[in-house]
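# Residue-level structural notes
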Amino acid sequence: MSVVSDKLQGDMDKTKDIHEVGIVGYKGAQAAAVLGMTDLLTAADGFARKMHAIDHPLLRVSHWTREDGRAAPERLFDSDPGIGGSRPTVIVIPPGLGDPLPEHEAKFYADWLLSEHSRGAALCSICKGAFLLGETGLLAGRTVTTHWTYEEQLASRFPDIKVNTDRLIIDDGDILTAGGVMAWIDLSLILIERFLGPNIMVETAGAFLVDPPGRKQSYYRGFSPRLNHGDDSILKVQHWLQLTGGKEMRLAALAEQAGLEPRTFMRRFQKATGHTAGDVQRLRINRARDLLQLTRDPIDSIAWDVHYSDPSAFRRIFTRIIGLSPTEYRRRFRAGPNGNGT
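Residues numbered from 1 in each chain as written. Predicted model: local features only at pLDDT ≥ 70, side-chain atom pairs only at ≥ 80, totals over all residues. Heavy atoms only, no water.

### Let's talk about the packing of aromatic side chains
Under the defined criterion, the tally for this structure stands at 6 aromatic pairs. Aromatic side chains Phe314 and Phe318 sit 5.8 Å apart centroid to centroid with 55° between the ring planes, which places their arrangement in the tilted category. Remark: Phe318 and Phe314 occur in helix α13 (residues 311-322); sequence separation between them is 4 residues, near one turn of the helix. Classification of Phe318 by relative accessible area gives buried; the value is 0%. Centroid distance Phe318 to Tyr329: 5.7 Å. Interplanar angle 75°. Geometry classified as edge-to-face. Residue Phe318 is located in helix α13, and its partner Tyr329 is located in helix α14 (residues 326-333); the two are separated by 11 residues in the primary sequence. Both residues of the pair, Phe318 and Tyr329, belong to the buried class. (Phe/Tyr/Trp six-rings, centres within 6.5 Å; stacked < 30°, edge-to-face > 60°. Helix = DSSP H or I, 4+ residues; strand = E, 2+ residues; numbered from the N terminus. Buried < 20%, exposed > 50% of the residue type's maximum accessible area, 1.4 Å probe, protein only.)

Right under this line is the structure:
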């Protein structure tokens, strides 16, 4: 081989080991997420290069967007432009500001995403990016997540998908969806672990002073009951529950407040609110979260304050709904000295 061909062969061998994360810069995409992911991923690549004593990248980052008049997005940024062309291993749709992309604009991205997925690229969405990913049709029959405030809107727009907003990340291998606006941090760390290994992921998380993946949206999600459903009998019960803090939660008492038979009440309550009658436990738990964050009251006392006579039952229900025990929740979220606040 000539010197030139040897170099070409060496460059081709290097690119086999490189994984490229392409980030879609659609109109309204959150710049902080695009740039933040770029920083995390390129830093992780630097740690990996140092660990393996190599001078070529293992994780490459590119930005893709569609210019007016073009049929598909094009690469506008490349963290390692000297390597040559490649296709993204993973494509990430970041969170967006404002309304989701209109369908006619989303179609151009959806067609490109479908094409790249058929070539083997994994697809990821963060928060409102799920609406764009939904246009591909690849989410049909899958369980996905987005920010919990968009749960109803996403389910309404794409009725053939299942939405679970208690989870921050849902990883199906070829499709990953992430919940809140800041979930790009968790998603970045998951991709770093996937391509560079757990040691590099932990080193990157430590360097940026962020927690490794494992959080849930349920840690942060408040209980926001649906009140605009138009069922006056159910609305009357909801107002009564809010007024009393969920002190009385027996089915017979709730049905009596609505003026309905218990079975009729259960059916109409779920249809109107999207929750079962048992979910009104969340009213009590939501109040308990506030007390855990803002007071130093003993947990048994808080259980009594939110109408649980059995503290062990309170702990069990709190853990089931929130995903953390009351003690763990207080340790993580309590405001003021010795808590997360200052």
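### Some remarks on the pairing of strand β5 (residues 122-126)
Counting buried positions along β5 yields 5 of 5 residues, so the element is predominantly enclosed. Residues Ala122, Cys124 and Ile126 line one face of β5 and the alternating positions Leu123 and Ser125 line the opposite face, and both faces are buried. As paired strands, strand β4 (residues 90-93) and β5 are joined by 4 bridges and run parallel to one another. Across the sheet, residue Val90 finds its bridge partner in β5, namely Ala122. Chirality of the crossover, the property in question, places the unit of β4, helix α3 (residues 103-118) and β5 among those that are right-handed. Judged from the 4 bridges that link them, β5 and strand β9 (residues 175-178) form a sheet pairing that is parallel. Residue pairing in the sheet places Leu123 in a bridge with Ile175 of β9. (Pairing = 2+ DSSP bridges. Right-handed = clockwise from strand over helix to strand, strands pointing away.)

### Description of the sheet that holds β4
The mixed open sheet is built from 7 strands, whose spatial order is β3-β2-β1-β4-β5-β9-β8. Every other strand in the sheet has two partners, leaving β3 (74-78) and β8 (169-171) as the edge strands with one partner each. Each adjacent strand pair in this sheet contributes to an overall mean axis angle of 20°, direction not counted. Pairing of strand β1 (residues 19-24) with β4 involves 3 bridges; the strand directions are parallel. Residue pairing across strands places Ile23 opposite Val92, the latter belonging to β4. Contacting β1, β2 (59-65), β3, β4 and β5, helix α2 (residues 31-52) crosses the sheet at an angle of about 160° to β2. (Axes fitted to C-alpha atoms, helices over the stretch in contact; angles between N-to-C directions. Contact = heavy atoms within 4.5 Å.)

### Observations regarding the environment of Asp232
Structurally, the position occupied by Asp232 is in helix α8 (residues 232-244). For the pair Asp232 and Ala272, spaced 40 residues apart in the sequence, the C-alpha separation amounts to 9.9 Å.

### Thoughts on helix α9 (residues 251-258)
Three or more residues of α9 are buried, namely Ala253, Leu254, Ala255 and Ala258. Positioned one or two residues after α9, Gly259 has a phi angle of 70°, which is positive.

### Points about the confidence of the model for the protein
Scored by pLDDT, the protein has a mean of 83; 86% of the residues are at 70 or more. Across the protein, β4 holds the top mean pLDDT of 96, while helix α1 (residues 3-15) sits lowest at 46. Here residues 1-12 is a poorly scored stretch, pLDDT under 50, and it has 1 contact once near neighbours within four places are set aside; other chains count. (pLDDT = per-residue confidence, 0-100.)

### Structural notes on the nonpolar core
Residues Met37, Val92, Ile126, Leu187, Ile192 and Leu196 are the most contacted members of the largest nonpolar core, which totals 35 residues. If you list the elements that add at least two residues to this core, you get β1, α2, β2, β4, β5, β9, α6 (184-196) and α7 (198-207). No other element matches the 9 residues that α6 contributes to this core. Tyr26, Leu101, Ala121 and Leu133 belong to the second largest nonpolar core, which has 25 residues in total. (Core = buried A, V, L, I, M, F, W, Y, C linked by side-chain atoms within 4.5 Å.)

### Comments concerning the side chain of Gln30
Mapped onto the elements of the fold, Gln30 is located in the loop between β1 and α2. Among the residues examined, Gln30 registers a relative accessible area of 14% and is labelled buried. Here Gln30 is in contact with Pro95, Gly96, Leu97, Val181 and Trp184, once residues within four sequence places are set aside.

### As for the packing of α2 against α7
Taken N-terminus to C-terminus, the directions of α2 and α7 make an angle of 125°; their axes are 9 Å apart at the nearest point. The orientation of α2 relative to α7 falls into the category oblique. Handedness of the crossing formed by α2 with α7: right-handed. Residues Leu40, Ala44, Phe47, Ala48 and Met51 of α2 touch α7, and the partners they reach there are Asn199, Ile200, Glu203, Thr204 and Ala207. Residues that form the contact of α2 with α7 fall into these classes: 7 nonpolar, 2 polar and 1 charged. (Parallel < 35°, antiparallel > 145°, perpendicular 65-115°, else oblique. Left-handed = near helix turned anticlockwise from the far one by under 90°. Nonpolar A, V, L, I, M, F, W, Y, C, P; charged D, E, K, R; others polar.)

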